[in-house]
Amino acid sequence: MLDAPSNRPALPPEIARRRTFAIISHPDAGKTTLTEKFLLFGGAIQMAGQVRAKGEARRTRSDFMAMEKDRGISVSASAMSFDFRDFRFNLVDTPGHSDFSEDTYRTLTAVDAAIMVIDGAKGVESQTRKLFEVCRLRDLPILTFCNKMDRESRDVFEIVDEIQENLAIDVTPASWPIGMGRDFVGAYDMLNDRLELMDRADRNRVAESISISGLDDPKLAEHVPDHLLDQLREEVEMARELLPPLDKQAVLEGHMTPIWFGSAINSFGVKELMDGIGAYAPEPQPARAEPRQIAPEEGKVAGFVFKVQANMDPKHRDRVAFVRLASGHFERGMKLTHVRSKKAMTVSAPVLFLAADRELAEEAWAGDIIGIPNHGQLRIGDTLTEGEALKVTGIPSFAPELLQNVRAGDPMKAKHLEKALYQFAEEGAAKIFKPSIGSGYIVGVVGALQFEVLGARIESEYGLPVRFEPSQFTSARWVHGPKDKVEAFANRNKQHIAHDNDGDIVYLTRMQWDIDRIERDHPEVTLSATKEMM
Ligand code: GDP
C-alpha cells in the first residue's frame, strides 16, 4: 500500500499547489457545464459556451463520429490545465459514453481525486454509481457537487441519505441550500459561516458572498426571506446533529465526501467547490510501481502513459501519448528512458493542455499531464524515467464483452487492415485477437458503439472499408500460469486459442460453461478477465 500522506515530507511548493482530478457523473447531470465554469473562473476561457460543442456532440451517434473526426476538440478536452487562486488544476476528462468504461478506468489512474456531480432531482444514477465503484477500488478522495438546485430537487436530507446508503460513504454538507427551484436563493456555507447569494440575472457572475456570524446573525434576515430563514435554521441545526462534521483525513482516505449544493449553469456554488478542491483534494500522490513506488517529490522525473490518441493529424500518422508525471520537474528537451524498450527518447515537443489550445510545454511538475507526440513507441501502461527501471503498476486491461470477426472490404488490403487494427489496439480503442487456426482477426470491444466508431475511423483514416461479422465466440480470457503449462494448454485447445495484440495467449469462450469447464479440468492454468498493461 501507499504511505499515508502524513508520513511524507512536505512537497516542493510547485508540486504542492497542483490538484489533478476528474469529474464523474451520469450523462446530463451537468459535467460539461461545470467544466466550462471551472475554465471560466480559472481564466482559461473568456466566455461560457466554448466547451459546449463537446458536450452536445456526445448526444447522437453521428455527432459523436463528427467529434471523433474533429480530433482537435476531443484531444484538447482530454486534459485541461488552469490556475485558480494559488492552485494549478489539472482536469482530466473521463469519456462520457458508458461504452468506454475501460478508457475511463485508466483515466482514473492518472488523477488524485474525483468530483462527483449529481443532479439534485435525480440523485445517484447508474453511471455515477459505476464510476464511483471504480474510484473506490483506487481509494480516490471524492468531492460531491449536487447540481441544478435552481430546479425542483429532492429534499436535501433524502439526497444525503441516498448517497450514504447507495455508495456507503459518509456525507458531510460543505454548504446547505436555501430554498429550491424557483425559491432557490443561495446557500449557507457551513464551513466558513458565510451566506452565498445567487444572481439569477447574470449566469456568469460569481455569487455574492456575505460574511455573517452564525445563523443568529440579524444580517441573515436582510437577505433571506422569512419563510426560508426558519427552515434554514432548523435544517442546518438538524444537519449538524445528524451528519458527521468534515474530517479532512477521512476525505483523503475516501471514507467521507463533502457535498456542495449549487447550480452550474448559474455559476452558483462553483467557486466554493473550487476552493474545496484546493482545500480538501490531495496534492499529487505517489504512484504504485515495481520494484518501488514513485514519490512526487523525488528529484528525478518519472511518468506513465495512461492514454494514447492516434491520428490527431491525419496527414502524419502521429500519436500523442498522455503522460501523468509521477515525480520531479520536467523540462522540454529532456532525455528520458522508455523503460519497456530500454531506449532513450528526447522529449522535444511535449504538449501542455491549456484549456482550448495545446501549447508547447516548457516545463511541468509531478501531477501534471503532458502530451508526447510519437510514432507508436509509447503505449498505454509504459513508464518513462531518467534511467531507473521502474514500472508503474495498476493499469489494467479488461476482457472485451463483445467479439466480432472483421474483414477488409477489399481482400487485397488485408495487410492495411492489420496495421489499422493494431494501431487502434494500441490506442486502447479495441482488442485484436489473431486466432491460432484460420485467417483473419477478431475484434473485441466493451460497448457495441465501438464497432461502428472503429469501422468509421478505419474507413476515414485508412481509406479502407471494413465489414464486421458475428463471431462464434462471445468473450476472451487471458491464460495465466507457468509458461510451459500455458503453452501445453494452448496446444491442446487450438480451436479456442488466439493471441492478443501484445502477443499474449487468450482463450476464446462461447459461454460461461467453457470457462467453468477449463477451471475444473485444467487447474494448472487460470483464466482471467483482466491483465496488467505492459
Ligand atoms: P453533461 O451531460 O453531464 O455534460 O451535462 P451538461 O453540462 O451538458 O448539462 C445537461 C443539461 O442540463 C444542459 O441542458 C444544461 O444546460 C443543463 N444544466 C446544467 N447545469 C444546470 C443547472 O445548474 N440548472 C439547470 N436548470 N440546468 C442545468
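Nothing here was measured: the structure is a model prediction, and the numbers come from that model.

**Details of the sheet that holds strand S8 (residues 186–189)**
Two orientations exist for strands paired in a sheet by backbone hydrogen bonds: parallel and antiparallel.
Here is step 1: Pairing within the open sheet is antiparallel, and its 4 strands lie in the order S7-S8-S9-S10. The open sheet has two edge strands with one neighbour each: strand S7 (175–178) and strand S10 (208–211). Each strand of the sheet is rotated relative to its neighbour by a mean of 25°, with strand direction disregarded.
Here is step 2: In this sheet, strand S9 (residues 194–197) lies alongside S8 in antiparallel orientation, the contact comprising 4 bridges. If you follow Ala 187 over to S9, its bridge partner there is Glu 196.

**What about the nonpolar core?**
Here is step 1: Grouped together as the largest cluster of nonpolar side chains are 102 residues, with contacts concentrated most on Ala 114, Val 305, Val 323, Leu 325 and Ile 370.
Here is step 2: When residues of this core are sorted by domain, at least three fall in each of domain 1 (13–280) and domain 2 (289–392).
Here is step 3: Not counting chain neighbours up to four residues away, the residues in contact with Leu 325 comprise Val 301, Gly 303, Phe 330, Ala 364, Trp 365, Ala 366, Gly 367, Asp 368 and Ile 370.

**Topic: the site of the ligand**
Here is step 1: Near the ligand there are 17 residues, and of these Lys 31, Thr 32, Thr 33, Ser 263 and Ile 265 occur at the shortest range.
Here is step 2: Sort the elements by how many residues they give to the shell around the ligand and helix H2 (residues 31–41) lands first, with 3 residues.
Here is step 3: Of the residues assigned to the shell around the ligand, the class counts are 4 nonpolar, 8 polar and 5 charged.

**Focus: the confidence of the model for the protein chain**
Here is step 1: Overall, the prediction assigns the protein chain a mean pLDDT of 86, with 87% of residues at 70 or greater.
Here is step 2: Confidence over residues 52–76 falls short of pLDDT 50; this stretch has 35 contacts with residues more than four positions distant or in other chains.
Here is step 3: Of the two predicted TM-score estimates for the complex, the pTM is 0.84 and the ipTM is 0.99.

**Observations concerning helix H14 (residues 449–462)**
Here is step 1: For H14, which comprises 14 residues, the first-to-last C-alpha distance of 20 Å matches the rise-based estimate of 20 Å (1.5 Å per residue) to within 8%.
Here is step 2: Three or more residues of H14 are buried, namely Gln 450, Val 453, Leu 454, Arg 457, Ile 458 and Tyr 462. The buried residues of H14 all sit within an arc of 130° when viewed along its axis, so they share a single face.
Here is step 3: Where H14 ends, the next residue or the one after it, Gly 463, has phi of about 60°, a positive value.

**Examining the sheet that holds strand S27 (residues 441–445)**
Here is step 1: Reading across from one edge, S28-S25-S27-S26-S30-S31-S29-S32 is the order of the 8 strands in this open sheet, with antiparallel pairing throughout. The open sheet has two free edges, formed respectively by strand S28 (466–470) and strand S32 (526–528), since each of these has just one partner strand. Neighbouring strand axes in the sheet, compared pairwise and without regard to direction, differ in orientation by 40° on average.
Here is step 2: Note that strand S30 (residues 497–500) and strand S31 (residues 505–509) share 3 bridges and pair antiparallel. Directly across from Ala 498, in S31, lies its bridge partner Val 506.
Here is step 3: Together, strand S25 (402–408), S27 and S28 form the strand contacts of H14, whose direction differs from that of S28 by roughly 155°.

**Some points on the pairing of strand S1 (residues 18–25)**
Here is step 1: Where burial is concerned, most of S1 is hidden: 8 out of the 8 residues are buried.
Here is step 2: Residues Arg 18, Thr 20, Ala 22 and Ile 24 point to one face of S1 and Arg 19, Phe 21, Ile 23 and Ser 25 to the other, with burial holding for every one of them.
Here is step 3: Relative to strand S3 (residues 87–92), S1 is paired through 5 bridges, and the arrangement is parallel. Bridge pairing links Arg 19 to Phe 89 in S3.
Here is step 4: Bridging between S1 and strand S4 (residues 113–119) involves 5 bridges; their strand directions are parallel.

**Points about unusual backbone geometry**
Apart from glycine, the bulk of residues carry a negative phi angle, and the bulk of peptide bonds sit in the trans form.
Here is step 1: A cis amide bond links Glu 290 with the next residue in sequence, Pro 291, at an omega value of -5°.
Here is step 2: Secondary-structure assignment places Pro 291 in the loop between strand S12 (289–290) and strand S13 (302–310).
Here is step 3: The phi angle at Asp 193 is positive, at roughly 45°, despite the residue not being glycine.
Here is step 4: Topologically, Asp 193 is positioned in the loop between S8 and S9.
Here is step 5: Residue Asp 193 is classed as partly exposed on the basis of its C-beta count, with 13 C-beta atoms lying within 10 Å.
Here is step 6: Even without being a glycine, Lys 342 presents a positive backbone phi close to 60°.
Here is step 7: In this structure, Lys 342 sits in the loop between strand S16 (335–338) and strand S17 (343–346).

Conventions and cut-offs
Residues numbered from 1 in each chain as written. Predicted model: local features only at pLDDT ≥ 70, side-chain atom pairs only at ≥ 80, totals over all residues. Pairing = 2+ DSSP bridges. Helix = DSSP H or I, 4+ residues; strand = E, 2+ residues; numbered from the N terminus. Axes fitted to C-alpha atoms, helices over the stretch in contact; angles between N-to-C directions. Core = buried A, V, L, I, M, F, W, Y, C linked by C-beta atoms within 7 Å. Buried ≥ 20, exposed ≤ 12 C-beta atoms within 10 Å, placed from the backbone. Domains from an automatic or database assignment. Contact = placed C-beta atoms within 7 Å. Near = placed C-beta within 6 Å. Nonpolar A, V, L, I, M, F, W, Y, C, P; charged D, E, K, R; others polar. pLDDT = per-residue confidence, 0-100. Expected span 1.5 Å × (residues − 1). Arc of directions from axis to C-beta.

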